[in-house]
Structure formats: structure tokens, C-alpha cells
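Letter by letter, the chains look like this.
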Amino acid sequence: MSSTPPVKPPSDALIDSATQVIVQAVRRERSFLITDSVTEYQDQDVIDQEISALETTIDAVGKRLQRRLADAKKRRNDLAPLSKIPAELLIDILLHSLDEVRTISFYQRVKTLSEVCMVWHTVINNTAQFWARLHSNFSSSKIERILQRSGNALLTVECAWFPISRDAKSFVNTLVPSADRIRSLTVTRDFSNQTEVSKLVGRMIEHLEYRTDSDSGQIALGDREKPLDRLQSLVLESAYLPWPALKRMQTLRLFRLSYNGPSLEQLWVIIVESPSLRHLILNHVSITRTSASSASTVSTYNLPSLKQLHLVHLSQSDTNTILNGIRAPQCSDTRIACHFDSHSSTSLPVLVSLEQTIGNLREAFNAGRGELHIELSASALRCRTGGLLFNDSEEEEGERIIIAMEGVPPYEAMTWLFRALNPPDNRNVTLSLGVGFNVTDPSFVHAVDHGLRF
């Protein structure tokens, strides 16, 4: 029966100065043992030298063992399944984990990831995409390092609060030579030099979020000759594009465009060319009317990916036209609030169009979070599922339906609502009746007959 040979301690071919000291000390101790002569050291200096040699020996051996231990751990990590992930896949995984990290704290998170293991450290420090986020509050030296380290990688830029306008302009001017590398550009309302930052809208832009103060007037971004072929997400507030033909959009959110809004024709081009559109928000947007749009008949377009549809404070005719033009069978976040047109006798057609647009309206009403809240007055209808407040500024996608209609007779609205709702017996409903509503009206009696709990 064979036995396993004893493991020999590691040895190195090269002998450094510390090792030579160790060897000399060991040989001296060996000679004492061989002669079996124990010498009484009377000289303290000799004893001090021996102590120093032993301390040096312990220190040197410890360092050498630590190096060998570190090398063994590295070889073990290299054999772990995590280390066998292809570098390209690992980069995608790590970048995806950073998607929701705010730009201002992005590099702290990158540093944390790079300290997990040597493989991650090497990958992160040698991949330009991990060094391609810029924030207006970064120092000038940090911005220069990022621009250099990011190589030709596409950039994500956030322009947020800046205390001094001159510094904001300097930040923008530093980035202008790299404008065609910017993939994502976010400009908040409190950035102090919003007109200058429009220079950063380049041909590689995929996500553009540009918000300005209402007092500063609408800002034009780009020109009609500048192609935006890669743009997929557009969020504008009090700013506008010259409305080029946008294609393959996934998000279109427009706020407070009191003039220079898109025409119906331009809006239909975006919808037709964007079958994967997921978010459509038009909030306080003036839709430009042309003679062609007034005379033309709008076709119906199917948007199977649309999850969020907000038409807030548009005219009744514009709301109705848009609803008649799209079909969104999977929409789970709907918000409709339109003004009453004086030339129309009722806004009930908008509700009928909504029922056609959202094929699952009944299921959404009855499956909404929380109770169904209904408010009726002599000339208005408001109903909602979910939260207790109507918040026009809320943009995050959720599961809710909010309807606010002016100029609709409450009895007609009640009739439509319960026909569209067809609520089950266990549906909780909160009903608030305003001035002028007659509780003896047949529509109200019909609601009570449904067995709803008010």
C-alpha cells in the first residue's frame, strides 16, 4: 500500500538578501547543535544581532508565505465557474447592474464592483464603457480623466444644478467636441445654462430628456437638418424639436408645450414608425392643426407594446382624434383628462373612444389597485383606480386608470361608466356627488341596482 509522499515546503530558485540572512542564522544555530557546546553570551551586542536576525527571518518567511498564499488563491479563483464567464458576457452583466445607478454616485459603485475579485478588477479597469458617465457637478480634472479614459465609448451626460452660470457654460464647452459621442443626455430644470446645452444634442443620441423652467420660454433643440435616427426615448418639457421624422421610438413624453407642439401628421408619423412604442404622454401640449389634418381621415394603428397612455389637458377634439387613431390592448396605465370644447354638446364621445382604444378597459377598472373612486358633479366626471390623488406630473409606469372629463352630463357618464365597468358584486366603489347631481335620476338608481358598495 503506497503512501503519499510528504509535502515539501515551497522553495524559490532565487535567493534574496533576506533569505541569505536567514541561511546564515540557520547555519550558525546548526553549528552550535553539532558541537553540542552551549556558549554563554556575555556580549549583549551579539545577542541583539541574533534577535534581529530571527526577527528578520520571521518577517521574510511571512512575506514569502503570504505571496505564495495569494498566488494559490488566485489560481483557485481562476478555476471557479464565475471566472470562466466570457469577458463580453461579464461586461454586459456588470453594465446592466449599473443601469439604475445615478450618475452622481456611479463611480463609487464601479469601485465597489472592481474590488470583488481580480477578474472583475481587470475587466472593469480595461473596459471603456465603465468610464463613460459624466455629471455637471464633477470637477474639471475628473471630467478630463473620464473623457480620456472612456476612449470612443458612447457617453451618458447629466446636466443638473450648478451654482454659477459661468461654470455651467465651461462644462458644456468641454463636452462640445465629444457631442457626437453622447448617447444619453439629461437636462434638469435647475441647470443654469440651458440654452448652451442644446449644443450637446448629437447624431448618436438615443435618450434625450430636456426640461426647462416655464418662465424661460421654450428652447429649440437642433434643427431640421440634423438627423436623429438613433433616438428611442424623448422627454421634453417647455422645449421642442423641429419635429423631424422620429422612428423606432419607445418613449415619447411631452410636457407644457403651449406652442410649437407637433402637428397631428407629425404625431402619426412617429406612431406609425414606432410599433414598439411603450410610453406615450402628452401633458398640456398644443397640437398644431393644419388644413390637411382637418380634412384627412385618421387611420387606426395597433400599438401592442403600449403600456402607458396619458393624454392630459388636451382639447376634447385632439383627445378624441388620438384615441380613435390607436389601439392599445395591453395598456395598463391610462390617464385621460381633457378640456371641454364649447362647440361640442358633450364630451361623451371621448369616453366611447377610450373604450375602443383600451380593449381591456373593463378588466383594468375592476382589477385596479384599491377601490374605484368616482366623483360626479353637474358637468364633470372624475374616476380613478389606485391612489387617492390626481397627479399630472407622475410619470412612472403603474397599474391605474384615471379619467377626468369636463362637459359630460353626469347621468350619461354614469350610464357609460357602469356599462363599461360591469362591476362584479365584490367591487368596492367610493362615490362622491357634487352640486347639481340628482340622486333620483335613473342612472344613479341603476348604479345602486348593481349592488355596488358606496
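Computed from a prediction, not measured in an experiment: that's the story for all the values here.

*Asks:* Any chance you could break down the overall build of the protein for me, citing the residues and the numbers?
*Replies:* Counting secondary structure elements, the protein contains 15 helices and 17 strands. Within the span of the protein, comprising 454 residues, buried residues form 42% of the whole. Across the protein, the fraction of contacts at a sequence separation of at least 24, relative to all contacts at a separation of at least 6, is 65%. Accessible surface for the protein amounts to roughly 24,700 Å². Of this, 53% is attributable to carbon and sulfur atoms.

*Asks:* Residue-level account of the packing of helix 11 (residues 316–325) against helix 12 (residues 348–357), with values.
*Replies:* Two elements in contact, helix 11 and helix 12, have axes separated by 8 Å at closest approach and are oriented at 20°. Classified by the interaxial angle, the pair formed by helix 11 and helix 12 is roughly parallel. Note that helix 11 runs across helix 12; the crossing there is left-handed. Note on element contacts: helix 12 touches helix 11 through Pro-349, Val-350, Ser-353, Leu-354, Gln-356 and Thr-357, opposite Gln-316, Thr-319, Asn-320, Leu-323 and Asn-324. Classifying every residue of the contact of helix 11 with helix 12 by side-chain character gives 4 nonpolar, 7 polar and no charged.

*Asks:* Just give me the short version of the packing of helix 3 (residues 87–97) against helix 5 (residues 118–125), but keep the residues and values in it.
*Replies:* Across the interface, helix 3 lies against helix 5 with an axial gap of 11 Å and an inter-helix angle of 80°. With respect to helix 5, the axis of helix 3 lies roughly perpendicular. Contacts between helix 3 and helix 5 pair Leu-90, Ile-91 and Leu-94 from the former with Val-119, Trp-120, Val-123 and Ile-124 from the latter. Grouping the amino acids of the contact of helix 3 with helix 5 by side-chain chemistry returns 7 nonpolar, no polar and no charged.

*Asks:* Residue-level account of the pairing of strand 16 (residues 400–406), with values.
*Replies:* Of all 7 residues that make up strand 16, 6 are buried, and the element is covered over most of its length. The sheet contact formed by strand 13 (residues 333–338) and strand 16 spans 6 bridges and is parallel. Paired with Cys-338 across the two strands is Met-405, which belongs to strand 16. Pairing of strand 15 (residues 380–385) with strand 16 involves 5 bridges; the strand directions are antiparallel. Looking at strand 16, one finds that Arg-382 is bridged to Ala-404.

*Asks:* Kindly report on helix 4 (residues 106–114), identifying the contributing residues and their values.
*Replies:* Residues three or four positions apart in an α-helix share a direction because the helix packs 3.6 residues into each turn. For helix 4, the complete set of buried residues consists of Phe-106, Tyr-107, Val-110, Leu-113 and Ser-114. One side of helix 4 carries all its buried residues, which in axial view fall inside an arc of 115°. Where helix 4 is buried, its residues touch helix 3, helix 5, strand 1 (133–135) and helix 6 (140–149).

*Asks:* Tell me about the pattern of salt bridges, and name the residues and values.
*Replies:* Under the criterion given, the structure shown has 8 salt bridges. Across the pair Glu-237 and Arg-211 runs a salt bridge, and its minimum N-O distance is 3.1 Å. Of this pair, Glu-237 sits in strand 6 (residues 233–237) while Arg-211 sits in strand 4 (residues 207–211), and the two are 26 residues apart along the sequence. Both residues of the pair, Glu-237 and Arg-211, count as buried. For Arg-256, the salt bridge goes to Glu-237, with nearest N and O atoms at 2.3 Å.

*Asks:* Describe the environment of Glu-412, listing the residues and the values that go with them.
*Replies:* Along the polypeptide, Glu-412 turns up in helix 14 (residues 410–421). A residue is classified by how much of its surface remains accessible, and Glu-412, at 35% relative accessible area, is partly exposed.

*Asks:* Which residues make up the environment of Ala-132, and what values do they have?
*Replies:* Within the secondary structure layout, Ala-132 lies in the loop between helix 5 and strand 1. Here the alpha-carbon distance between Ala-132 and Val-157, two residues 25 residues apart in the chain, equals 8.5 Å. Residues in contact with Ala-132, not counting those within four places in the same chain, are Tyr-107, Ser-150, Ala-153, Leu-154, Leu-155 and Thr-156.

*Asks:* How would you summarise the layout of surface pockets if you had to cite specific residues and measurements?
*Replies:* Space inside the largest pocket adds up to approximately 1,400 Å³. Around the largest pocket sit 34 residues that line it, and Asp-99, Arg-133, Thr-156, Ser-184 and His-207 are the ones nearest its centre. Contributing elements (two or more residues each) for the lining of the largest pocket: strand 2 (155–159), strand 3 (182–187), strand 4, strand 6 and strand 8 (251–257). Of the residues that constitute the lining of the largest pocket, the class distribution is 8 nonpolar, 12 polar and 14 charged.

*Asks:* Give a detailed account of the packing of aromatic side chains, specifying residues and quantitative values.
*Replies:* A full pass over the atoms with the stated rule returns 4 aromatic pairs. On the numbers, 5.6 Å between centres and 10° between planes, the contact of Tyr-107 with Trp-131 is stacked. With Tyr-107 in helix 4 and Trp-131 in the loop between helix 5 and strand 1, the pair connects residues that are 24 residues apart, well separated along the chain. In terms of burial, Tyr-107 and Trp-131 fall into one category: buried. Geometrically, the ring pair formed by Tyr-107 and Phe-138 is tilted, given 6.0 Å between the ring centres and 55° between the ring planes. Here Tyr-107, found in helix 4, pairs with Phe-138, found in the loop between strand 1 and helix 6; they are 31 residues apart in sequence, far enough to count as distant. The pair formed by Tyr-107 and Phe-138 is uniform in burial state, with each residue classed as buried. Members of the aromatic cluster, joined through ring pairs, are Phe-106, Tyr-107, Trp-131 and Phe-138. The residue whose ring lies beneath Lys-142 is Phe-138, and the NZ or CZ to ring-centre distance is 4.1 Å.

*Asks:* Pulling in residues and values, what's your account of the nonpolar core?
*Replies:* Among the nonpolar cores identified, the biggest contains 99 residues, and Leu-185, Leu-234, Leu-282 and Ile-374 are the most heavily contacted of them. With 7 residues, helix 14 is the single largest residue contributor to this core. Residues in contact with Leu-185, not counting those within four places in the same chain, are Val-157, Cys-159, Val-197, Leu-200, Val-201, Ile-205, His-207, Leu-208 and Glu-209.

*Asks:* Tell me about the environment of Arg-256, and name the residues and values.
*Replies:* Structurally, the position occupied by Arg-256 is in strand 8. With relative accessibility at 28%, the residue Arg-256 sits in the partly exposed group. Each C-alpha atom, one on Arg-256 and one on Ser-238, is 5.3 Å from the other, the two residues being 18 residues apart in sequence. Side chain to side chain, Arg-256 and Glu-237 meet in a polar contact 2.3 Å long.

Rules used in this analysis
Residues numbered from 1 in each chain as written. Predicted model: local features only at pLDDT ≥ 70, side-chain atom pairs only at ≥ 80, totals over all residues. Heavy atoms only, no water. Helix = DSSP H or I, 4+ residues; strand = E, 2+ residues; numbered from the N terminus. Buried < 20%, exposed > 50% of the residue type's maximum accessible area, 1.4 Å probe, protein only. Contact = heavy atoms within 4.5 Å. Areas by Shrake-Rupley, 256 points an atom, 1.4 Å probe, with all protein chains shown as cover. Axes fitted to C-alpha atoms, helices over the stretch in contact; angles between N-to-C directions. Parallel < 35°, antiparallel > 145°, perpendicular 65-115°, else oblique. Left-handed = near helix turned anticlockwise from the far one by under 90°. Nonpolar A, V, L, I, M, F, W, Y, C, P; charged D, E, K, R; others polar. Pairing = 2+ DSSP bridges. Arc of directions from axis to C-beta. Salt bridge = Lys/Arg side-chain N within 4 Å of Asp/Glu carboxyl O. 1 Å grid on protein atoms, 1.4 Å probe; cavity = no way out; pocket = protein on both sides within 12 Å on 5 of 7 lines; lining within 4 Å. Points joined across faces, edges and corners; volume = space filled by probe spheres on them. Phe/Tyr/Trp six-rings, centres within 6.5 Å; stacked < 30°, edge-to-face > 60°. Lys NZ or Arg CZ within 6 Å of the ring centre and 35° of its normal. Core = buried A, V, L, I, M, F, W, Y, C linked by side-chain atoms within 4.5 Å. Polar contact = N/O pair within 3.5 Å; in protein donor to acceptor, adjacent residues only side chain to side chain.

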